[in-house]
Amino acid sequence: MFDIIGKKRWFFLVSLLITIPGLIFILLTPITNGAEGLKFSIDYTGGTEWSIKFKDPAVTAEQVRTELVGLGQDDASVTRTGAGFIDIRMSKLDLREIPSPSPVPTAVSSGSPGASGSPGASASPAASAAATSAPSPSPSPSAAPSASPAPSAAPGPSASSAPAPTAVPGPTQFPGSANTVPTQGEIGGIAFTLQEKFGPIEEQAKLSSIGAVVSSDLIQQAVILILVGSLGILGWITLRFRDVKFGVTALVALLHDVIVVVGIFAILGTLFGVKIDGLFVTAMLTVIGFSVHDTIVVFDRIRENRARHAGEPFAEVVNHSILQTFGRSITTSFTVVLTLTTLLLFGGSATQEFVLALLIGIISGTYSSIFNAAPLLVVWQEWEDRRRGRLASPGARRATA
């Protein structure tokens, strides 16, 4: 019979070797102000997310990224989905429309300078007519202001002479592009430049911008969700098994899984630029639920065997319980790992980070439930027994045997 509890220190050492590098890279995030460690997507830092499809299917994500860098978007991340869309994430842009400049300068450029306040070129004949109709009287200066309403009272010519949208500088709708493609603001300029380079945009699936306030709220909500979930698990397991040791050791195993997943993402973010997005919190909560489920299966068998084999050493009861549930735990986790591996390899880039977090968390949760939670329970119980003088020394046990 394999003695898992007898080799518990080796399993604890493996956990330390996995978690300590991750903790170091996690701590590098605030120390280096985000230059190293965890990398956050625009869901947490704020930015613009844009999903488009070009008419030319040969346009690659790398070509678009190179063009965006040339436009000043050095932090842009570009990925291509299986449906042919190109997902672009970049620093927050101004999505508001640029106000159209007044067409007055172009319309009055050939007229008299005195008519600069007039909205149309037809004001000069009206002004000359007013001048001929009032040749001598001294109130002509007071009549001059009355000439200004006359041109404004004739909106017909000014409206007809101001088809100025063609004179408005800035990006316009690119021929052949979808009607939803923006034409104003910074994003409009980027869209026009990309279409000049790669051809018209056939379809736009999404265009959204997230500000810093929303991002900070998301971070707070993510932390609160994980804390509330962990405390709820601690309370429920303690109530279920009527022993705080079961709840605390299960929570320690959960903490192990969270550190492993976040630490590996911190390492991947430093080395390969892998970012944490909004789905990461969903993945973490799923990992926590799966890990607790596996731990409860082991703890439930420990409680049954403890009552069934009263008088046996607690370490042996726990070891029997782990071996009895070992096959079930491994089989359940293996089927999930197979599914997640398939999704990771063939599911496309849109969900890669989410699936990777789940895959790491499921493997870590299975390990911690078998090799961390139950052995920690034995360590705590033996410490209590030694403190109360109920656990005989190894020499005494051999003498009585």
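Because the structure is a prediction, the values reported are computed rather than measured. (Residues numbered from 1 in each chain as written. Predicted model: local features only at pLDDT ≥ 70, side-chain atom pairs only at ≥ 80, totals over all residues. Heavy atoms only, no water.)

**Student:** Residues and numbers for the overall build of the protein chain, please.
**Tutor:** When helices and strands are tallied, the protein chain shows 15 helices and six strands. Taken over 401 residues, the protein chain has a buried fraction of 36%. Within the protein chain, residue pairs in contact and separated by at least 24 positions form 72% of the contacts whose partners lie at least 6 positions apart. As displayed, the protein chain has an accessible area near 21,700 Å², and 65% of this comes from carbon and sulfur atoms. (Helix = DSSP H or I, 4+ residues; strand = E, 2+ residues; numbered from the N terminus. Buried < 20%, exposed > 50% of the residue type's maximum accessible area, 1.4 Å probe, protein only. Contact = heavy atoms within 4.5 Å. Areas by Shrake-Rupley, 256 points an atom, 1.4 Å probe, with all protein chains shown as cover.)

**Student:** Residues and numbers for the pattern of salt bridges, please.
**Tutor:** Overall, the coordinates contain seven salt bridges when judged by the stated rule. For D243, the salt bridge identified is with K245, shortest N-O distance 2.9 Å. Comparing D243 with K245 shows no difference in burial state: the two are buried. The partner of E384 in a salt bridge is K245, and the shortest N-O contact between them spans 3.4 Å. Within this pair, whereas E384 is found in helix α14 (residues 352–388), its partner K245 is found in helix α11 (residues 244–272), the two being separated by 139 residues in sequence. If you follow the salt bridges from partner to partner, you end up with E49, R89 and K206 in one network. (Salt bridge = Lys/Arg side-chain N within 4 Å of Asp/Glu carboxyl O.)

**Student:** Outline the nonpolar core, listing residues and values.
**Tutor:** Counting 51 residues, the largest nonpolar core has F265, F280, F299, I302, V318 and I322 as the members making the most contacts within it. The leading source of residues in this core is α14, at 13 residues. Residues V78, A178, A191 and L194 belong to the second largest nonpolar core, which totals 20 residues. (Core = buried A, V, L, I, M, F, W, Y, C linked by side-chain atoms within 4.5 Å.)

**Student:** Describe the sheet that holds strand β4 (residues 86–90), naming the residues involved and giving the relevant values.
**Tutor:** The strands that make up a sheet pair up through hydrogen bonds in the backbone, lying either parallel or antiparallel. The strand order across the open sheet formed by four strands is β3-β4-β2-β5, and the pairing between neighbours is antiparallel. Only two strands of the sheet have a single neighbouring strand rather than two, namely β3 (77–80) and β5 (201–210). Averaged over all pairs of adjacent strands, the angle between strand axes in this sheet comes to 15°, irrespective of strand direction. Across the sheet, helix α3 (residues 61–70) is in contact with β2 (47–54), β3 and β4; its angle to β3 comes to roughly 160°. The sheet contacts of helix α9 (residues 185–198) involve β2, β4 and β5, and relative to β2 the element is tilted by about 30°. (Pairing = 2+ DSSP bridges. Axes fitted to C-alpha atoms, helices over the stretch in contact; angles between N-to-C directions.)

**Student:** So what's going on with the packing of aromatic side chains? Which residues, and what values?
**Tutor:** Centre-to-centre distance and the angle between the planes together describe a pair of aromatic rings. Tallied over the entire structure, the rule returns seven aromatic pairs. A centroid spacing of 5.1 Å and a plane angle of 10° characterise the contact between F241 and F246, whose relative ring orientation is stacked. A centroid spacing of 5.0 Å and a plane angle of 40° characterise the contact between Y367 and F371, whose relative ring orientation is tilted. On the criterion of helical spacing, the pair formed by Y367 and F371 is a turn pair, its members being four residues apart in helix α14. Each member of the pair, Y367 together with F371, is buried. Of the aromatic side chains, those joined through ring pairs into one cluster are F11, Y367 and F371. Over the face of the ring belonging to F241 we find R240, whose NZ or CZ atom lies 5.7 Å from the ring centre. (Phe/Tyr/Trp six-rings, centres within 6.5 Å; stacked < 30°, edge-to-face > 60°. Lys NZ or Arg CZ within 6 Å of the ring centre and 35° of its normal.)

**Student:** So what about the environment of V244? Which residues, and what values?
**Tutor:** Position of V244 among the secondary structure elements: in helix α11. Linking V244 and L234, residues ten residues apart in sequence, is a C-alpha distance of 8.3 Å.

**Student:** Please give an account of unusual backbone geometry that cites residues and values.
**Tutor:** Positive phi, close to 60°, is recorded for N33, a residue that is not glycine. Phi angles above zero are rare outside glycine, and R242 is one such case at about 55°. Positionally, R242 belongs in the loop between α10 (212–241) and α11.

**Student:** Pulling in residues and values, what's your account of the side chain of K39?
**Tutor:** Turning to its location among the elements, K39 is positioned in strand β1 (residues 39–40). Here K39 sits buried without a salt bridge, and the closest side chain of opposite charge, E36, lies 5.6 Å off (N-O distance). A distance of 2.9 Å separates the side chain of K39 from the backbone oxygen of G34, its partner in a polar contact. Of the polar contacts made by the side chain of K39, one reaches the backbone oxygen of A35; its length is 2.6 Å. Setting aside residues no more than four positions away along its own chain, K39 makes contact with G34, G269, V274, K275 and I276. (Lys, Arg positive; Asp, Glu negative; His and termini not counted. Polar contact = N/O pair within 3.5 Å; in protein donor to acceptor, adjacent residues only side chain to side chain.)

**Student:** So what's going on with α14? Residues and values would help.
**Tutor:** Between its terminal C-alpha atoms α14 stretches 51 Å, which fits the 54 Å expected from 37 residues at 1.5 Å a residue. Remark: the principal bend of α14, roughly 45°, maps to S368. G389, located one to two residues past α14, shows a positive phi value of around 75°. (Expected span 1.5 Å × (residues − 1). Bend = angle between axes of the 7 residues up to and from the residue.)

**Student:** Kindly report on the pairing of β3, identifying the contributing residues and their values.
**Tutor:** One ladder, built from four bridges, connects β3 with β4; its direction is antiparallel. Bridge pairing in β4 places R80 opposite I86. Hairpin geometry of β3 and β4 is characterised by an intervening segment of five residues between the two adjacent antiparallel strands and by a positive phi of about 95° at G84.

**Student:** I'd like to hear about the pairing of β2, residue by residue, with values.
**Tutor:** Of all eight residues in β2, seven are buried; the element is thus mostly enclosed. Here β2 runs beside β5; their pairing, made up of eight bridges, is antiparallel. Bridged to K53 within β5 is E203. The pairing of β2 with β4 spans five bridges and is classified as antiparallel. Paired with T48 across the two strands is M90, which belongs to β4.

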